[in-house]
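# Analysis of the macromolecular model
Listed below, chain by chain, are the residues.
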Amino acid sequence: MNFSPTLVVPELFQFMLVMALFIQSLGNRDWEPHVEKWLPLFAGLGFFVSIVSFKASGVMFYGVYKLDMLSQFFKIAIAAGFFVAVLNATRQPTLAGEKRSDYYMFLALSAWGLMLLSSATELFTIYLALELSSYSLYTLIPLRATDKRAAEAGIKYILFGAVATALALYGLSYVLAAQHTTYIAELAGKSWAWADSPMAVIGLSLFLAGMFYKLALFPFHFWCPDVYQGASNETAAFVATLPKLGAVVVLVRLATLLKPGLEITTTLAWLGAISMTFGNFCALAQRDVKRILGFSSVAHAGYVMLGLVAGTAQGLAAAAFYSLAYVIMNLLAFWVVSRVASDGRNLMLDDLNGLYKRAPALAFSLGVGAFALVGLPPTVGFIGKFFLITAAWDHGYNWLVITLAVNSAFAIYYYLSLVRHAYTEETVLEGSAAPDTSVFSVVGAGLLAAVVLVLGLIPSPVFEFAIAAGEGLLK
Amino acid sequence: MDYGYPVLSSLVVFPLLAAAGLFIIRGETVVRGYTLAASIFEIILAIPLANYTFNADFQFVERISWVSRWGLEYHLAVDGISILMIWLTLFTLPLCVLCSWTYISKRIKEFHFCLLFMTAACVGVFTAMDLVLFYVFWEAMLIPMYLLIAVWGGDDRKYASIKFFLYTLAGSTLLLVAIVAFRIEGGTFSIPALMQQTFSFRFQFWCFLAMALAFAIKVPMFPFHTWLPAAHVQAPSAGSVILAAILLKMGTYGFLRFCLPLTPAASEYFAPMMIAISIASILYGGAVALGQSDIKKLIAYSSVGHMGFVTLGIFLFNQRGVEGALFQMLNHGIVTGGLFMMIGTVYERSHSRDIGKNLGLGKYMPAFMFFWGLYSLASFGFPGTNGFVGEALVFIGAFQHSLLVGFLIVPGALLAAAYMFRVGLKLAWGEPSSAKSWRDLRSREWIYLLIPAVLVFYIGLAPGVFLKMIDPSIEKLLADYHSRKQVAQVQTEQPMQTAARELMNGIVEAKN
């Protein structure tokens, strides 16, 4: 079975966290759980651990579990995202006191599942890891006290998730039947042209549907805005970011099967194009900030497709880099949303009015986040988009690049309205949420904004890592 | 040459550092004084640029690898096409601070932050020698400009600022695609390196269109100009000054820096269209300006006309035309910038930009009227002023190009005189309603109106210095353009010629 614990330190560390949280959640209900006091520290330590073990490489469990640059890249990203999401969730006004340990346990469990997902190189393993990360989210989403929409969001997420899972499993059986293997490395050697094996192509398409569901790619995006809206701000911050990383890592692995010009690749490109256009147009009409971010993530899922269909190491690296960029930008946006809505309400655009006066640091960070999501320099959003289009140009999908460019122009309007409300609307409406301007809130926003800017100006180190991961895959 | 510090980088970085420094100081006057000092220090930092040698080389080159994997470089340099624009940018900043001294009364720190950030981005645009770096600066400048209009603008500022942002960003997204296409086709992002290459006509065709859209919106050329009057009217004085003096120049600079050298054959192909649009801009801008009752709107529309002269000059592809274009870029910056500052001056007194509410200033504000008259003369190209030199050069170029083009733009020059006289007459000799109580220019206003006025005469009477500075670069640009245009044409003609030869051979063989 060639299991070597030294190679999977980040996963083991995360698992220990889950266990610790599990034990705490079993404790006497009268016992006041101080989970917020120790968990952020350990989540930060987890990030550190994942960085230290970035060089781990090897294959385990009969080849279904692989440690390579790609998996380590995503593990670092997931650990970092988990750290920020935990920090963000430590002040959660809409979570009942006795459920706090359980809440964090499921959060950690989902992150653990995503870590496993990033190393899974066999379809069944991918499926299991995906389910592990999803089931925890089914529990997390309805955990919002006194809000009926949370239950609705939870049900929506479960129902859509169940359908996507069923499709994926069904597709898996087709792939297995047609290609006689479920190992990605072996599948990469097979033909994925419609003419050669239609059943395998259908199977893979259905399997991909499961990933598209996580990624909220059209037409599997319906849950996204509703769930963001229904879940608490802090939960939405997690759901909107980390599961996307999980989906992207699997898609990057599966993209080694996709060569430009194949029917399935072209389908992906079309889904990407529709997704970005549809997401952006729907976002234009929204007033609820979380719904805006929800539709924006539908659009961003479309952008990532550019890297996947390019069929080169650069393309895969660009997709990986962009998903990381997306997670950071979104964590920043959600951090601000959570802190501005300090009472846990759903933030409307009008609630942002005059934010520059009430909380200048949060307003500035929101501006950085919004401009990064648009893709304006000098942010990581720009450089990520730039890598994507450079990778995709001249590989048969120039039209998709132009679609992305045109879409960026559409997207401006709604991202700009975030900045516009924060900076130019002077009249603060009565009953607007009072933003949390504590040191914790300001420093967190400032650090995330700094990361967005610094990674935009100096992307090289991270991008080299992503490139190494991409080249490793195509070797 | 070593100046002890990287000159161009310091011009980009210093305003950013100064902007960051704003966060730690307090007090309205302190903030204003600090920004003014910073803007003067910025000019001091640029003193080594005076050692610019009058040849066509790229000078003050700074080159560092940025993202090596993708061949991105932090590459700055200046040549004759950019150096005047940099000086213009640097001198505009202190004037903007001065003309906002009493005009801007809220969120002063943020306002000056935007001004400094803007300056850094503008210098970056004019010095970047890497396509992506250029794009970074080009886009980064949108944010402070958006805020300048949206926060400190007039009543309709939200509409104007969003329109400005949407228009300019929509234009430049395709520019990014063209940039990537250049990299794939030419193997580098370096502008000097790409200038050495010849691309196929088909490739040039699409890249030209993508780039020209971005630049035409920025200039703005008719019919992409609709954001400009709205933005100008709503922006505060300093915003209008920057918009007119620097931002519009970026579009024409883009044509000179990218379209002509990188896509010469396509530029040649599209030249008739560009010339036609330029003429339309000149006539349309002038005609609409004539009908305005809002002074600011009038000057905004006059900008459309003036910038039409610039684009016309560029697409004539002769020495006089391009010289005139580059000259007009500088002149328009000085003169229109001056006029916008004057409008701010009068607005502070009357709180109206309506011509009818600012009548009869001649009697009570003679100094003001003197400057207004001076800038008006320069604006429509009166001999002795800088406007004359630029416009005359474009006229010469136009007549060299074709008699028809020359004659078509004559009404444009007349229209400019007509609308400037119309507004000047009313301001000077109209029946005053409330002007009596207004104070004539204060010393601060004297300073910021006198500096451009000196330049108006200096450039107007001694244009030689400036021509010497820009001429070698223009000569090289045009020589490169004409030689490479032909190379590209030969390349595109080859398949046709081969086909023709084969056909002829076939006919000859058939006869035998």
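In this report, the structure presented in the accompanying data block is examined. Keep in mind that this is a model prediction, so the values were computed, not measured.

With that out of the way, let us pick up the packing of aromatic side chains. In the structure shown here, the tally under the stated rule is 73 aromatic pairs over all chains. On the numbers, 5.8 Å between centres and 75° between planes, the contact of W38 of chain A with F42 of chain A is edge-to-face. With W38 of chain A and F42 of chain A both in helix 2 (residues 35-52), this residue pair falls four residues apart, about one helical turn. Owing to a relative accessible area of 22%, W38 of chain A belongs among the partly exposed residues under this scheme. Using a relative accessible area of 34% as the deciding quantity, one classes F42 of chain A as partly exposed. A centroid spacing of 6.1 Å and a plane angle of 35° characterise the contact between W87 of chain B and F91 of chain B, whose relative ring orientation is tilted. Residue W87 of chain B and its partner F91 of chain B are both found in helix 3 (residues 80-99); the two are separated by four residues, about one turn of the helix. Lying over the aromatic face of W138 of chain B, K218 of chain B brings its terminal NZ or CZ to 4.3 Å of the ring centre.

Attention now goes to the pairing of strand 2 (residues 72-78) of chain B. Residues and elements named next belong to chain B. Burial runs high along strand 2: seven of the seven residues are buried. With burial as the criterion, each face of strand 2 is covered, one bearing L72, Y74, L76 and V78 and the other bearing E73, H75 and A77. One ladder, built from six bridges, connects strand 1 (residues 59-67) with strand 2; its direction is antiparallel. Bridging across to strand 2, I64 finds its partner in Y74. What sits between strand 1 and strand 2 in their antiparallel hairpin is a turn of four residues, with G71 showing a positive phi close to 70°.

Moving on, we come to the interface of chain B and chain A. On the chain A side, the residues contacting the 34 residues of chain B number 38 residues. Roughly 3300 Å² is buried in total at the junction of chain B and chain A, and carbon and sulfur atoms are behind 77% of that figure. The largest contributions to the chain B side of the interface with chain A come from R69, W70 and R107 of chain B, which together make up 21% of the buried area. At the surface where chain B touches chain A, the tally comes to three salt bridges. Where R69 of chain B meets E471 of chain A, a salt bridge forms, and the shortest distance between an N and an O atom there is 3.3 Å.

So, on to the environment of S39 of chain B. Residues and elements named next belong to chain B. Relative to the helices and strands, S39 resides in helix 2 (residues 28-45). What makes S39 buried here is its relative accessible area of 0%. The spacing of S39 and F14 is 25 residues in sequence and 9.5 Å in space, taken between C-alpha atoms. Ignoring sequence-local partners within four residues, the contact set of S39 consists of L93 and P94.

Opposite charge on two side chains permits them to pair, given that their charged atoms come into close proximity. Tallied over the full model, the rule gives 22 salt bridges over all chains. We note a salt bridge from D343 of chain A to R345 of chain A, for which the minimum N-O separation is 3.1 Å. We classify D343 of chain A as partly exposed; its relative accessible area is 41%. For R345 of chain A, a relative accessible area of 26% gives the class partly exposed. Two residues, E73 of chain B and R63 of chain B, come together in a salt bridge whose shortest N-O distance is 3.0 Å. Of this pair, E73 of chain B sits in strand 2 while R63 of chain B sits in strand 1; the two residues are 10 residues apart in sequence, bridging distant segments of the chain. R63 of chain B sits in the partly exposed class, given a relative accessible area of 49%. Sharing partners across several salt bridges, the network here consists of E152, K156, D226 and R291 of chain A.

So, how was this worked out
Residue positions are counted from 1 within each chain, in the order its sequence is given. Whichever chain is written first becomes A and whichever ligand is written first becomes 1, with later ones labelled in order. Since the coordinates come from a predicted model, pLDDT governs what is reported: local features require at least 70, and pairs of side-chain atoms require 80 or more to be given and counted, while whole-chain, interface and lining totals use all residues. Side-chain measures here rest on the full set of heavy atoms in the structure, leaving out hydrogens and waters. Aromatic rings from Phe, Tyr and Trp, taking only the six-membered ring of Trp, are treated as a pair when their centres fall within 6.5 Å; an angle between ring planes under 30 degrees marks them as stacked, one over 60 as edge-to-face, and anything in between as tilted. Labels follow the DSSP assignment, with helices taken as runs of H or I lasting at least four residues and strands as runs of E lasting at least two, numbered in each case from the N terminus. Only protein chains enter the accessibility calculation, which uses a 1.4 Å probe. A residue is then buried if its area is under 20% of the maximum for its type, exposed if over 50%, and partly exposed in between. For a Lys NZ or an Arg CZ to count as sitting over a ring, it must be within 6 Å of the ring centre and within 35 degrees of the ring normal. A pair of strands is considered paired only if DSSP assigns at least 2 bridges between the two. For this analysis, residues touch if any pair of their heavy atoms sits within 4.5 Å. For any pair of parts, buried area is found by adding up, for both, the accessible area (1.4 Å probe) each one loses once the two are put together. Salt bridge criterion: a side-chain nitrogen from Lys or Arg within 4 Å of a carboxyl oxygen from Asp or Glu.

As far as function goes, none of this settles anything; it's purely spatial.
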